[in-house]
Amino acid sequence: MPVIGITIGDPAGIGPEIVIKSVASAEIRSICRPVIIGDRIHLEHLAEQMGTGVKFTAFGEEPMDERVEVFDLSNLEHDEIKFGEESPMAGRAAGQYIEAAVELWKQGKIDAIATAPISKRSLGMGGYDFPGHTEFLAKLTGTEQFAMSFFAEKLRVVLISTHVSLRDAIELVTPERLLELIAFTNKTLSNLLGRPVKIAVAGLNPHASENGMFGTEEKERIEPAIAEAVRLGIDAHGPFSPDTIFLRGFRGEFDAVIACYHDQATIAVKSLSFGSAVNVTLGLPLVRTSVDHGTAFDIAGKGVADHSSMSAAILLAATLLKE
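For every chain, the first residue of its written sequence is number 1, and the numbers climb from 1 along that sequence. Where totals are concerned, whole chains, interfaces and linings use all residues; where local detail is concerned, this predicted model gives features only for residues with pLDDT of at least 70, and gives and counts side-chain atom pairs only at 80 or more. The side-chain numbers reported here are obtained from all heavy atoms of the structure, hydrogens and water having been left aside.

A. Structural view of the sheet that holds strand β11 (residues 278–282). Whether two strands pair comes down to DSSP finding at least two bridges between them. Strands are runs of DSSP state E lasting at least two residues, helices are runs of H or I lasting at least four, and both sets are numbered from the N terminus onward. In space, the 12 strands of this open sheet follow the order β3-β4-β2-β1-β5-β12-β11-β6-β7-β10-β8-β9, with mixed pairing throughout. Two strands close off the open sheet at either side, each with one partner strand: β3 (56–58) and β9 (236–240). Mean inter-strand twist for the sheet, computed between neighbouring axes without regard to direction, equals 30°. When strand β7 (residues 155–159) meets strand β10 (residues 256–259), the two strands line up parallel, connected through three bridges. The residue bridging Leu159 from the neighbouring strand is Ala259, located in β10. In this description, contact between two residues means that some pair of their heavy atoms is separated by no more than 4.5 Å. Orientation is described by axes fitted as lines to C-alpha atoms, over the contacting stretch for helices, and by angles from 0 to 180 degrees between their N-to-C directions. On the sheet, helix α4 (residues 88–106) packs against β1 (3–7), β2 (33–38), β4 (68–72) and β5 (112–115) and is oriented at approximately 140° with respect to β2. Contacting β8 (199–202) and β9, helix α9 (residues 217–231) runs over the sheet at an angle of about 165° to β9.

B. Region of interest: the packing of aromatic side chains. Any two rings among Phe, Tyr and Trp, with Trp reduced to its six-membered ring, count as a pair given centres within 6.5 Å; such a pair is stacked if its planes are under 30 degrees apart, edge-to-face if over 60, and tilted if neither. Within this structure, the stated rule accounts for four aromatic pairs. With a centroid separation of 5.2 Å and 40° between ring planes, the pair formed by Tyr128 and Phe136 is classed as tilted. In terms of burial, Tyr128 and Phe136 fall into one category: buried. The interplanar angle of 10° and the centroid separation of 4.5 Å between the aromatic rings of Phe130 and Phe136 together place this pair among those described as stacked. What makes Phe136 buried here is its relative accessible area of 1%. Site record: aromatic cluster; members linked through ring pairs are Tyr128, Phe130 and Phe136. The rule is short: NZ of Lys or CZ of Arg within 6 Å of the ring centre and within 35 degrees of the ring normal puts a charge over the ring. The ring of Phe151 carries Arg156 above its face, with NZ or CZ at 5.8 Å from the centroid. Per-residue accessibility, obtained with a 1.4 Å probe over protein chains only, is compared with the maximum for each type, and a residue is labelled buried under 20%, exposed over 50%, and partly exposed between these values.

The quantities given are spatial measurements derived from coordinates; they are silent on function.
Here it is, written out as structure tokens:
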């Protein structure tokens, strides 16, 4: 049975809550051995407060009475963590959970990582200069080529850029970068799924520019990259109008859709599958999945957070290990 390390994310957000709710599921425990990476005292306080009945044991001990293993970092002053508030303490703790997870994987003690959401601002306040999980994990694993993607049932979206301004994102859509991403997606996704894949590329402009009526980026930047990819033997198509191509991917017409900027991807994914979509980092030497949402500070600590995406991330991690 695969061992999935589950980081609790920002301890002041909904991460600890959705992790506890997820590991309480018999379905999760039937497909993998979950190991929570976080602060045990914080988890115990929250589990008791929510009345979940979840009990914990130390990592490596034989779980009894359906107790869940915790790799305990014990680096929080529980009373000083205020739900819904960014802080250096919370950011530092979140960064340490990620570091510990990668180290456990390197030691062969866990097989994959599923991560709860972090606050990028708190992470920075805690001394970590990364815009998100993707870049942080790439640094920790020495990965030079990587990409953020989202899996939402049959829809799989891969992003050219992540957390940058829209103006900068447009400039990052170049023939060279796009061709590199198409080839990378073809290789990594084929390996992950165990079969050849069919790739679509979304246009940048409305209606993929309507043959130049609304911009020239498709003709000058996107079409040459797709043509070269096809010449290299990759099953690539497009550019397609971005207002319909994600639905076509969701219906199974394509195995992956390349998105030209962050929200072009996430608006489609969250509209079609919010709560069941999973963030997957392609290119890492390990399987890493995550939720499709943020820390939800406005409801943190109230026991009302939906854990569907966290459960989906854990289940997908276990499933991909078996592919």
